Amino acid sequence: MSVRVRFAPSPTGYLHVGGGRTALYNYLFARHHGGSFILRSDDTDRARSTAEYQQDILESLRWLGLDWDEGLEVGGDQGTYRQSERLARYQEVAAELIAEGSAYYSFATAEQLEAFREEAMASGRSPAYDGRHEPDPADAMARLAAGEPATVRFAVPRPGETTFVDVVRGTVTFDHVQVDDFVILRSNGTPTYHLASTVDDVDFGITHVIRGEDLLASTPKHILLTEAMGAEQATYAHLSLLMGPDGKKLSKRHGHTAIKAYRDAGYLAPAMVNYLALLGWSPGDDETVVPLDEMVRRFDLAEVSKNPAIFDTDKLDWMNGVYIRELDVASFAEAVLPLVEEDLERSLDAGEVATLREIAPHVQERAKLLSEVPEQVRFVFAGIEYDEGSWNKVMTKEGADVAVKGACERLAVLDNWSIEGIEGSLREMLATLELSARKGLQPLRVAISGSSVSPPLFESMAALGRERTIARLEQAAARME
RNA sequence: GGCCCCGUCGUCUAGCGGCCUAGGACGCCGCCCUCUCAAGGCGGUAACGCCGGUUCAAAUCCGGUCGGGGCUACCA
């Protein structure tokens, strides 16, 4: 039987990094086994679900490059992959379960339930509701007929226990005294997550349910439901959760949690994917930078780590730098162009685009984030803006003024205006003035870029062009007096 | 409170009873390279939570303990 997995987020929030990792593991598993990766929307909670979140999930998944074979937008045999459009099916299953005695109408009030739980906890017993406050079936039917509101609960067999083999966790057992007679249909007739999700997994032929550990304790419910439906059990795999740097559950206060936020912050999708994959999975050898196709080839769910991982951006930043450097120059320049234009608040003309391509390789090897590129090249496309700290540190040093003036004179008459020509001329000047490269070149850097940190000097001058280079040197010389 | 899951450098991890003097990566520190900053090269720092048990031998198996996390809704 071929592998079928699904990623089924609820559109009640943006796709966050934890969800991204869950989607990725599903994707890797499906691709490794040549199976299908399905995208479903578990939107039974109409109050909290929004179209905006749904859109964000789709876009984030596409950005990461995790294409799905079936489901939202791409369609498939099931018709709809939105739970909100399958209500009738869930109600039908609920009716069947009631008919065969696996579920019942429940009239327990919120007060009764709360009192039961409170007392159970106080006396050290399980707070799982066991149906003790329910009327006998004949009474129930009468009350229902009289129009009394009721939920539908699943009748968990008691005593009993459910044991299953989780691919990442091993054998797990839950005693049914810990599993409550959970609601499958709300009093308004809509299904709860447990029902909708399980029915869909059965109907869609899902073979492996790969999801977060937050659902581990709910798995007995899903297994019991599947059994009551007379369907074959899926294999389960529960991924440990992602934590913040303080070891607590990852949340907004730890910084960005939305996948989109990383795209906007200048991260590359392949770097993000690579980093996420390594949060809980290792290819086994000492490899760290692993391209997606290689991950697909080597991924094994059984090797996924049981421990919760801390989402720490230090390594992600480093990895992003690695991926930036792996880009060919043309792609890098292309990726960075809109960011540069946004920073300058204008578009670049053809000549400037060519200049950007010229300087691109020199910033490419320095960048960790695409978003830090604009400020590094700004001096080439906008007017000079001196960083006072740099100026004070460099331009007041002995020899700074002679270097700037000397460079001015030489470059004005330089025949060979090229990176090599500029370097040759300036090195000659250093020798003549008996200045070290550091002492003689730093003032020039500040003069043309405004900062003591910039792309390489000769390359920067070449990109800037002779006219502007000299103008800036003159401007700096004047400012030093 | 009850139940379940987890516990190797600061972080992500390798390790599946002897190859462990515990390996790799990030970070951090130092050196080299060098026109700045990076990148790169080289080196260093740093961990089996604790206590028992099994065994000739334990990071690896078992028990306990402590710590972290999850669930305990007519949320998912």
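Going by the structure above, here's the rest.
Described below are features of the structure shown in this document. (Residues numbered from 1 in each chain as written. Chains lettered and ligands numbered in written order. Predicted model: local features only at pLDDT ≥ 70, side-chain atom pairs only at ≥ 80, totals over all residues. Heavy atoms only, no water.)

So, on to the packing of helix α12 (residues 329–344) against helix α13 (residues 350–364). For the pair α12 and α13, the least separation of the axes is 9 Å and the interaxial angle reads 110°. One finds that α12 runs roughly perpendicular with respect to α13. Across the interface between the two elements, Val329, Phe332, Ala333, Val336, Leu337 and Val340 of α12 pack against Val353, Leu356, Arg357, Ala360, Pro361, Val363 and Gln364 of α13. Class assignment of the residues belonging to the contact of α12 with α13 gives a composition of 11 nonpolar, one polar and one charged. (Axes fitted to C-alpha atoms, helices over the stretch in contact; angles between N-to-C directions. Helix = DSSP H or I, 4+ residues; strand = E, 2+ residues; numbered from the N terminus. Parallel < 35°, antiparallel > 145°, perpendicular 65-115°, else oblique. Contact = heavy atoms within 4.5 Å. Nonpolar A, V, L, I, M, F, W, Y, C, P; charged D, E, K, R; others polar.)

The three strands lie next to each other as β4-β5-β8, forming an open sheet whose pairing is antiparallel. One side of each edge strand has no neighbouring strand; the edge strands of this open sheet are β4 (103–106) and β8 (183–185). Recorded for the sheet is a direction-independent mean angle of 45° between the axes of neighbouring strands. Both strand β5 (residues 151–154) and β8 contribute to a ladder of two bridges, which runs antiparallel. Within the sheet, the bridge partner assigned to Arg153 lies in β8 and is Val183. (Pairing = 2+ DSSP bridges.)

On the secondary structure map, Lys221 appears in helix α7 (residues 219–228). The class of Lys221 is buried, set by a relative accessible area of 13%. (Buried < 20%, exposed > 50% of the residue type's maximum accessible area, 1.4 Å probe, protein only.)

A word on the pattern of salt bridges. Going through the model one piece at a time under the given rule, you end up with 34 salt bridges. The salt bridge partner of Glu70 is Arg4, with a shortest N-O separation of 3.0 Å. With a gap of 66 residues between them, Glu70 in strand β3 (residues 70–71) and Arg4 in strand β1 (residues 4–7) connect regions that are remote in the sequence. Using a relative accessible area of 17% as the deciding quantity, one classes Arg4 as buried. The residue Arg366 makes a salt bridge to Glu365 at a minimum N-O spacing of 3.7 Å. On the accessibility criterion, Arg366 (40% relative accessible area) is partly exposed. Through salt bridges with shared partners, a single network forms among Arg6, Arg40, Asp42, Arg86, Arg89, Glu92, Asp200, Asp201 and Asp203. (Salt bridge = Lys/Arg side-chain N within 4 Å of Asp/Glu carboxyl O.)

Function cannot be read off these values alone, since they describe shape.
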